[in-house]
Amino acid sequence: MDFFSIKSVFFTLANYPVSYIEFTGSLAGVAAVWLATRSNILTWPLGLINIILFFLIFWQVSLYSDVFLQVYFFIISIYGWINWSREQKEHIPLWRLSSYQRWITFTVTVLLTLMMGFLMSHIHHVFPDLFENPAAFPYADSFVAVTSVIANTLMAKRIVENWILWILVNLFGVTIYFLKDIIFVSIEYLIFLGLAIVGHFHWRREFFAQHKLETK
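A quick note: this is a predicted structure, and the numbers were derived from the prediction, not measured. For every chain, the first residue of the written sequence is number 1, and numbering continues from 1 along that sequence. Only residues with pLDDT of 70 or above have their local features reported here, since the model is predicted, and side-chain atom pairs are shown and tallied only from 80 upward, although totals for entire chains, interfaces and linings are computed over all residues. Excluded from the side-chain calculations are hydrogens and water; all other atoms, namely the structure's heavy atoms, are used.

*Asks:* A description of the nonpolar core should follow, citing residues and the corresponding values.
*Replies:* To qualify as a nonpolar core, a set must consist of buried Ala, Val, Leu, Ile, Met, Phe, Trp, Tyr and Cys residues joined through side-chain atoms within 4.5 Å. Burial here depends on accessible area, computed with a 1.4 Å probe over protein chains only, as a share of the maximum for the residue type. Under 20% is buried, over 50% is exposed, and the range in between is partly exposed. If you look at the biggest cluster of nonpolar residues, it comprises 57 residues, and the most contacted ones within it are Phe58, Leu63, Met155, Trp163, Trp166, Tyr177 and Ile182. Put simply, DSSP H or I for four residues or longer makes a helix, DSSP E for two residues or longer makes a strand, and each gets a number counted from the N terminus. Within the residue set of this core, elements represented by two or more residues are β2 (16-19), α1 (20-37), α2 (43-60), α3 (64-90), α4 (99-126), α5 (138-156), α6 (162-179) and α7 (183-215). Element by element, the count of residues in this core is highest for α7, at 10 residues.

Written as structure tokens, this is what we have:
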């Protein structure tokens, strides 16, 4: 048995073969996101397990934007772990973006999505030895990758709007992974969607409670 192959079946769910790597990575991911909604620092080490396993999954199904995304996730998760560790000692507050910063975020997301989508749609021609198959859903997958990068950066910096971006990421992710027939991952992103909504309201409540204390 090859634990890291999506062809190594752990169990079957409604005629869908769930691999060991898909099950373990998804379980770690759900736990990490739930902990993030509670501002729990253990979100980062659990997230690293999810990131490593999903890197291998996405490589095997030719979602190359997501492959590159996991490399970034690994780096920003180390940063987030360190930053949140400092927050426990110094009590770093939650923040919100200004209207100007929101427009900048939107513009950067759109431009980077178009650029990355174009690159991913041609990457199998540029690097045929590394990428044998054409990228699947290059622009939609690039949107997931770009928006996830921005959302995870905002989360690491404890900025409330990260959850709005995660909601968008998860909506796209549910669809893309279902169409790529990695159903268990698609179900995981549906759970992520619910958790992102919960996380948004939880962090907003925490932010406004913090703001009231500051104004007293």
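Next comes the rest of the account.
*Asks:* Outline unusual backbone geometry, listing residues and values.
*Replies:* The backbone of Arg158 sits at a positive phi, close to 65°, despite the residue not being glycine. Of note, Arg158 is situated in the loop between α5 and α6.

*Asks:* Lay out α2 in plain terms, naming residues and giving numbers.
*Replies:* Expected helix span is computed as 1.5 Å times (number of residues minus one). If you check α2, its first and last C-alpha atoms are 26 Å apart, about what 18 residues at 1.5 Å a residue would give, namely 26 Å. Within the span of α2, buried status applies to Thr43, Trp44, Gly47, Leu48, Asn50, Ile51, Leu53, Phe54, Ile57 and Phe58. After α2 finishes, the residue Ser62 shows a positive phi value of roughly 65°.

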